[in-house]
Amino acid sequence: MSLIVLCAGGHARVVVEALLSRGIRPAAVADRDAARIGAAIGGVKITGSDDDVLKMPADGVELANGLGNRASRGDSGLAGRRALFDRFAEKGYRFPVIAHSSAVIASDVQLGAGAQVMAGAVIQPAARIGRNVLVNTRAVVEHDCIVGDHAHIAPGAVLCGGVSIGESVHVGACAVVLVGVKVGAGAVVAAGAVVTKDVAAGGFAGNE
Ligand SMILES: CC(C)(COP(=O)(O)OP(=O)(O)OC[C@H]1O[C@@H](n2cnc3c(N)ncnc32)[C@H](O)[C@@H]1OP(=O)(O)O)[C@@H](O)C(=O)NCCC(=O)NCCS
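Draft legend 1. Focus on helix H1 (residues 10-21). Taking 1.5 Å of rise per residue, 12 residues should cover 16 Å, and H1 covers 17 Å from first to last C-alpha, within 8% of that figure. Along H1, the residues that are buried comprise His11, Ala12, Val15, Val16, Ala18 and Leu19. Projected down its long axis, H1 carries its buried residues within an arc of 160 degrees, all on one side. Taken from the residues just after H1, glycine 23 is the one with a positive phi, measuring 75 degrees.

The structure is reproduced here in structure tokens:
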């Protein structure tokens, strides 16, 4: 079945690489910016818009979320990535799990629809990863962690054992979340932070 990457930004290039590492060449990239049609990312052509994809039967194509996010102190910046996923998933389009060939994923890990595990990431036993979650380059998710839908574990971040990450949380690059800590939905963990205590929903954890 052919696979289309939605949104032709920087993250989409990483998604295309992950797919290519598995020998899967996406059929096309879709982008809502009509001016970009005809260009290519990672050697894959941008052939149309999101609306063009919606004209295809939901059971005739698979999709990958190519939209990244930019977090700030009060906002995980993940609403757009979530909305793009929901727009298509609600209409029955399928988002397969995408894992780079260099990712290490324990045999009993649960991965929700559309979960993305990028190059060098490691996910250890009994971890549960929600839908549309991004475990980015070289991130580590240790045993028994729970990562809620739409969360982003950014490059190099480490979730120690038994950590719980809520929906749409951004864990910044190279942050470390210590054993058993719970991070509430929509919270932001700054790049490089060491999180020793629970973080409230919508809260912020960073090195002052
Ligand atoms: C913490 C964060 C969310 C703040 O973003 P923001 O609200 O836009 O804040 P700004 O970038 O305007 O920075 C505000 C201040 O905090 C400081 N700051 C920003 N990020 C910081 C961090 N991670 N650790 C320590 N200080 C930080 C800035 O230097 C600035 O200090 P100043 O006021 O003295 O100049 C953001 O810097 C961050 O860490 N994002 C995660 C990025 C990431 O993981 N990306 C992955 C992409 S794949």
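Draft legend 2. Representation of the layout of surface pockets in the model. In this structure, the largest pocket encloses a volume near 210 Å³. Looking at the largest pocket, the residues that line it are Cys7, Asp31, Arg32, Asp50, Leu67, Gly80, Ala83, Leu84 and Arg87. Of the residues forming the lining of the largest pocket, the biggest block, 4 residues, is contributed by helix H3 (residues 79-89). A class-by-class count of the residues in the lining of the largest pocket yields 4 nonpolar, 1 polar and 4 charged.

Draft legend 3. The pattern of salt bridges, seen in detail. Under the defined criterion, the tally for this structure stands at 5 salt bridges. One salt bridge in this structure joins arginine 87 and aspartate 51, with 2.7 Å as the shortest N-O distance. Note that arginine 87 is positioned in helix H3 and aspartate 51 in helix H2 (residues 50-54), a separation of 36 residues in sequence. Relative accessible area serves as the criterion here: at 43%, aspartate 51 is assigned to the partly exposed category. In this structure, arginine 82 engages aspartate 86 in a salt bridge whose closest nitrogen and oxygen atoms are separated by 3.4 Å. Residue arginine 82 and its partner aspartate 86 are both found in helix H3; the two are separated by 4 residues, about one turn of the helix. Assessed through its relative accessible area of 30%, arginine 82 is described here as partly exposed. Members of the salt-bridge network, linked through shared partners, are Arg82, Asp86 and Glu167.

Draft legend 4. Up close: the sheet that holds strand S20 (residues 182-183). Overall, parallel pairing links the 5 strands, which are arranged S8-S11-S14-S17-S20 in an open sheet. The open sheet has two edge strands, strand S8 (110-111) and S20, and neither has a second partner. In the sheet, strand S17 (residues 164-165) pairs with S20 via 2 bridges, with the strands oriented parallel. Paired with serine 164 across the strands is lysine 182, a residue of S20.

Draft legend 5. Seen up close, the domain arrangement of the chain. Examined at the domain level, the chain breaks down into domain 1 (2-67) and domain 2 (96-208). Listed per partner, the contact involves 13 residues of domain 1 and 9 residues of domain 2. Both sides together, the interface formed by domain 1 and domain 2 hides about 910 Å², and carbon and sulfur atoms give 60% of it. Here domain 1 and domain 2 share 0 salt bridges between them. Summed over the shared surface of domain 1 and domain 2, the result is 6 residue pairs in polar contact (both at pLDDT 80 or more). Going through the elements one at a time, H1 and strand S5 (61-65) are the ones with two or more residues in the side of domain 1 that touches domain 2. Here the element with the most residues in the side of domain 1 that touches domain 2 is H1; it accounts for 7 residues.

Thresholds, definitions, all that
All residue numbers here refer to positions counted from 1 along the written sequence of the relevant chain. Per-residue local features are limited, in this predicted model, to residues with pLDDT of at least 70; the limit for side-chain atom pairs, both in listing and counting, is 80 or more; totals at the level of whole chains, interfaces and linings are taken over all residues. For the side-chain quantities, the full set of heavy atoms in the structure was used; hydrogens and water were omitted. Per the convention used, a helix needs a DSSP run of H or I reaching at least four residues, while a strand needs a run of E reaching at least two, with both numbered from the N terminus. Helix span, expected: 1.5 Å multiplied by one less than the number of residues in the helix. Only protein chains enter the accessibility calculation, which uses a 1.4 Å probe; a residue whose area is less than 20% of its type maximum is buried, one above 50% is exposed, and one in between is partly exposed. By construction, the arc corresponds to the directions joining the helix axis to the C-beta atoms. We place a 1 Å grid over just the protein atoms. Points where a 1.4 Å probe fits but has no way out form a cavity, open points with protein on both sides within 12 Å along at least 5 of 7 lines form a pocket, and any residue with an atom within 4 Å of a point lines it. Grid points are joined across faces, edges and corners, and a volume is the space filled by probe spheres set on the points. Gly is placed with the polar residues, together with every amino acid not listed as nonpolar (Ala, Val, Leu, Ile, Met, Phe, Trp, Tyr, Cys and Pro) or charged (Asp, Glu, Lys and Arg). The salt bridge criterion pairs a side-chain nitrogen of Lys or Arg with a carboxyl oxygen of Asp or Glu, the two atoms within 4 Å. When DSSP finds two or more bridges between a pair of strands, those strands are recorded as paired. Those domain boundaries reflect an automatic or database domain assignment. Note on definitions: a residue-residue contact is assigned when non-hydrogen atoms from the two residues lie within 4.5 Å. We define buried area as the total accessible area lost by two parts upon association, computed with a 1.4 Å probe and summed across both. Here a polar contact is recorded for every N or O atom pair within 3.5 Å, except that within protein the pair must consist of a potential hydrogen donor and a potential acceptor, and residues adjacent in sequence are included only if both atoms are side-chain atoms.

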